[in-house]
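# Working through the structure, step by step
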Amino acid sequence: QVQLVESGGGLVQAGGSLRLSCAASGSIFTINAMGWYRQAPGKQRELVAAITSGGKTNYADSVKGRFTISRDNAKNTMYLQMNSLKPEDTTVYYCNARRITGWGPIDDYWGQGTQVTVSS
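Quick look at the structure, then. Throughout this description, residue numbers start from 1 for each chain and increase along the sequence as written. For this predicted model, a pLDDT threshold of at least 70 governs which residues receive local features, and a threshold of 80 or more governs which side-chain atom pairs are given and counted, while totals over whole chains, interfaces and linings are taken from all residues. By convention in this description, side-chain values take in all heavy atoms of the structure and omit both hydrogens and water.

### Overview of the pattern of salt bridges
- Any Lys or Arg side-chain nitrogen found within 4 Å of a carboxyl oxygen on Asp or Glu counts as a salt bridge. Taken as a whole, this structure holds 6 salt bridges when the rule is applied.
- The shortest N-O distance in the salt bridge between aspartate 89 and arginine 38 comes to 3.0 Å. A residue pair is termed long-range when its members are at least 10 positions apart, and aspartate 89 in the loop between β8 (77-82) and β9 (91-100) and arginine 38 in strand β4 (residues 33-39) qualify at 51 residues.
- Classification of aspartate 89 as buried rests on a relative accessible area of 2%.
- A salt bridge links arginine 66 to aspartate 89; the shortest N-O distance between them is 2.8 Å. Helix numbering and strand numbering both begin at the N terminus, where a helix is a DSSP run of H or I of at least 4 residues and a strand a DSSP run of E of at least 2. Working definition: with a 1.4 Å probe on protein chains only, accessible area under 20% of the residue-type maximum means buried, over 50% means exposed, and in between means partly exposed.

### Concerning the side chain of glutamate 6
- The residue glutamate 6 is located in strand β1 (residues 2-7) in this model.
- Among buried Asp, Glu, Lys and Arg side chains, glutamate 6 stands out as unpaired, with arginine 45 the closest opposite charge at 7.5 Å.
- Polar contact is the term for a pair of N or O atoms within 3.5 Å; when the atoms are in protein, one must be able to donate a hydrogen and the other to accept it, and sequence-neighboring residues count only if both atoms are side-chain atoms. From its side chain, glutamate 6 meets the backbone nitrogen of glutamine 112 in a polar contact 2.7 Å long.
- Among the polar contacts made by the side chain of glutamate 6, one reaches the main-chain amide nitrogen of glycine 113 at a distance of 2.7 Å.
- Note on contacts: a residue pair qualifies if any of its non-hydrogen atoms lie within 4.5 Å across the two residues. Each residue touching glutamate 6, except ones within four places of it in the same chain, is listed here: Ser21, Cys22, Trp36, Tyr93, Tyr94, Cys95, Gly111, Gln112, Gly113 and Thr114. Counting rule for charge: Lys and Arg are taken as positive, Asp and Glu as negative, and neither His nor the chain ends is counted.

### Focus: the packing of aromatic side chains
- Any pair of Phe, Tyr and Trp rings, taking the six-membered ring for Trp, is counted once the centres come within 6.5 Å. Such a pair is stacked with planes under 30 degrees apart, edge-to-face with planes over 60 apart, and tilted for the rest. Applying the stated criterion across every chain yields a total of 1 aromatic pair.
- Taking 5.0 Å as the distance between ring centres and 70° as the angle between the ring planes, the aromatic pair formed by tyrosine 37 and tryptophan 110 counts as edge-to-face. Highlighted residues: tyrosine 37 in strand β4 and tryptophan 110 in strand β10 (residues 106-110), separated in sequence by 73 residues.
- Residue tryptophan 110 is classed as partly exposed on the basis of its relative accessible area of 36%.

### Thoughts on the environment of lysine 86
- Summarising the element assignment, lysine 86 is placed in the loop between β8 and β9.
- Judged by relative accessible area, lysine 86 falls into the partly exposed class, the value being 37%.
- Considered as a pair, lysine 86 and threonine 52 are 34 residues apart in the sequence and their alpha carbons are 27 Å apart.
- Setting aside residues up to four positions removed in sequence, lysine 86 forms contacts with Arg66 and Val118.

The structure is reproduced here in structure tokens:
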């Protein structure tokens, strides 16, 4: 079992910055990748940024150049540095951890979410 706890959300003006944190615990040695998702009302949850166990990163086009995903293995914590925030970034952000086995099954674990609000 994997537990994820997010923090760092809040209210910021357009153009400002926030840093989200996701602390992981449990059977994290089996996790292959972690990422940040967001879900606006009435829309599907979308991947914002991801980082694999090997350190490779991937970003949604809408956040490229503005957001940076990173991890601190010693602290079992993943971060999302969000700069140049826009009102369109306003929504709930979720931490995700994924485990994929060699024989196919995929397990996803989710945090409780943290609210990010960007005022214009």
